[in-house]
Amino acid sequence: LLFAMQSCSRESDNLDYSPQTFEYKAGSVWYTGGHTKAWFYDSVPAFKAEFYTNPITGNYLFIEVDSANYLPPRIYNVGYDTATHATIRLRFYADGSHVYTSTSGKLTITNFDTIYRRVSGTFQFTGKSGASTLQISGGQFDNLEYIRQ
């Protein structure tokens, strides 16, 4: 099973994915997991998380927060958030190739633990891929472990 995860073509190949809990609904389909990977980069600063179902399929979701010193619990608006000076992007990949990029929505951080390197939160957004739109709702992740780089 570990070999199959490492051989999948993803944005972050050659990383070990942790089995952790998350869920979200894309259109009318619920996705739960599964395998995740999350990073907090001190030098940029940025936070990134990837969510893959178990077993890993072509449907997965990314969260990216750029220019955030850290993520204090609060609501962050998709796009450039003027209150925090952070840029929030959420993307859902349908069948591994159709990318639905957030045009509106929210990421709510409920806990960001810098000692134990864990983050929890909720999210929802409207994604657009060409002329198609897709609602992502009911998203949540709990005690997601992140790597500090």
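Given the structure is predicted, the values throughout are model-derived calculations rather than measurements.

Novice: I'd like a rundown of the packing of aromatic side chains, residues and numbers included.
Specialist: Counting across every chain of the model gives 19 aromatic pairs. Look at tyrosine 52 and phenylalanine 62: their rings are 6.4 Å apart centre to centre, the planes differ by 80°, and that puts the pair in the edge-to-face class. In this pair, tyrosine 52 is assigned in strand β3 (residues 46-53) and phenylalanine 62 in strand β4 (residues 60-66), connecting sequence segments ten residues apart. The same class applies to tyrosine 52 as to phenylalanine 62, namely buried. Grouped by ring-pair contacts, the aromatic residues Phe22, Tyr24, Tyr31, Phe51, Phe92, Phe123 and Phe141 constitute a single cluster. Taking the ring centre of tyrosine 76 as reference, the NZ or CZ of arginine 74 above it sits at 5.8 Å.

Novice: Run through the environment of valine 78, naming residues and quoting values.
Specialist: Within the secondary structure, valine 78 sits in the loop between β5 (74-77) and β6 (79-81). Overall, valine 78 belongs to the buried group, its relative accessible area being 15%. Between the alpha carbons of valine 78 and isoleucine 88 there is a distance of 4.8 Å; along the sequence they are ten residues apart. Other than its neighbours up to four places away in sequence, valine 78 contacts Ile88, Leu90, Ser102, Thr103, Ser104, Gly105, Lys106 and Phe125.

Novice: If you had to explain the pairing of strand β10 (residues 132-145) to someone new, which residues and values would you point to?
Specialist: For a regular strand, the rule is simple: side chains alternate between the two faces of the sheet. Note: strand β9 (residues 118-129) against β10, ten bridges, orientation antiparallel. Across the sheet, the residue bridging to arginine 118 is glutamate 145, located in β10.

Novice: How would you summarise the side chain of serine 120 if you had to cite specific residues and measurements?
Specialist: Among the secondary structure elements, serine 120 is positioned in strand β9. A distance of 2.7 Å separates the side chain of serine 120 from the backbone nitrogen of asparagine 143, its partner in a polar contact. Once you skip the residues sitting within four places of it in the chain, serine 120 turns out to touch Thr108, Ile109, Thr110, Asn111, Phe141, Asp142 and Asn143.

Novice: Account for the pattern of salt bridges, with residues named and values stated.
Specialist: Evaluation of the coordinates by the stated rule reveals seven salt bridges. Note that aspartate 42 is salt-bridged to arginine 148, the shortest N-O span being 3.0 Å. Note that aspartate 42 is positioned in the loop between β2 (29-41) and β3 and arginine 148 in strand β11 (residues 147-148), a separation of 106 residues in sequence. Under the relative-accessibility criterion, aspartate 42 is labelled partly exposed at 40%. The exposure class assigned to arginine 148 is partly exposed, which follows from its relative accessible area of 42%. For arginine 89, the salt bridge identified is with glutamate 64, shortest N-O distance 3.5 Å. Of this pair, arginine 89 sits in strand β7 (residues 86-94) while glutamate 64 sits in strand β4, and the two are 25 residues apart along the sequence.

Novice: Explain the nonpolar core to me, and be specific about the residues and the numbers.
Specialist: Formed by 32 residues in total, the largest nonpolar core has its most connected members in Phe47, Ile63, Phe92, Phe123 and Phe141. Residue assignment for this core shows that the elements contributing at least two residues are β1 (18-26), β2, β3, β4, β7, β8 (98-113), β9 and β10. Ranked by the residues each element gives to this core, the list is headed by β7, at five residues.

Novice: With reference to specific residues and values, describe unusual backbone geometry.
Specialist: In this structure, histidine 85 is a non-glycine residue whose phi angle is positive, near 60°. Looking at the element boundaries, histidine 85 is found in the loop between β6 and β7. Non-glycine residue arginine 117 carries a positive phi angle of around 55°. By secondary structure assignment, the location of arginine 117 is in the loop between β8 and β9. Under the relative-accessibility criterion, arginine 117 is labelled partly exposed at 38%.

The rules we used
Residues numbered from 1 in each chain as written. Predicted model: local features only at pLDDT ≥ 70, side-chain atom pairs only at ≥ 80, totals over all residues. Heavy atoms only, no water. Phe/Tyr/Trp six-rings, centres within 6.5 Å; stacked < 30°, edge-to-face > 60°. Helix = DSSP H or I, 4+ residues; strand = E, 2+ residues; numbered from the N terminus. Buried < 20%, exposed > 50% of the residue type's maximum accessible area, 1.4 Å probe, protein only. Lys NZ or Arg CZ within 6 Å of the ring centre and 35° of its normal. Contact = heavy atoms within 4.5 Å. Pairing = 2+ DSSP bridges. Polar contact = N/O pair within 3.5 Å; in protein donor to acceptor, adjacent residues only side chain to side chain. Salt bridge = Lys/Arg side-chain N within 4 Å of Asp/Glu carboxyl O. Core = buried A, V, L, I, M, F, W, Y, C linked by side-chain atoms within 4.5 Å.

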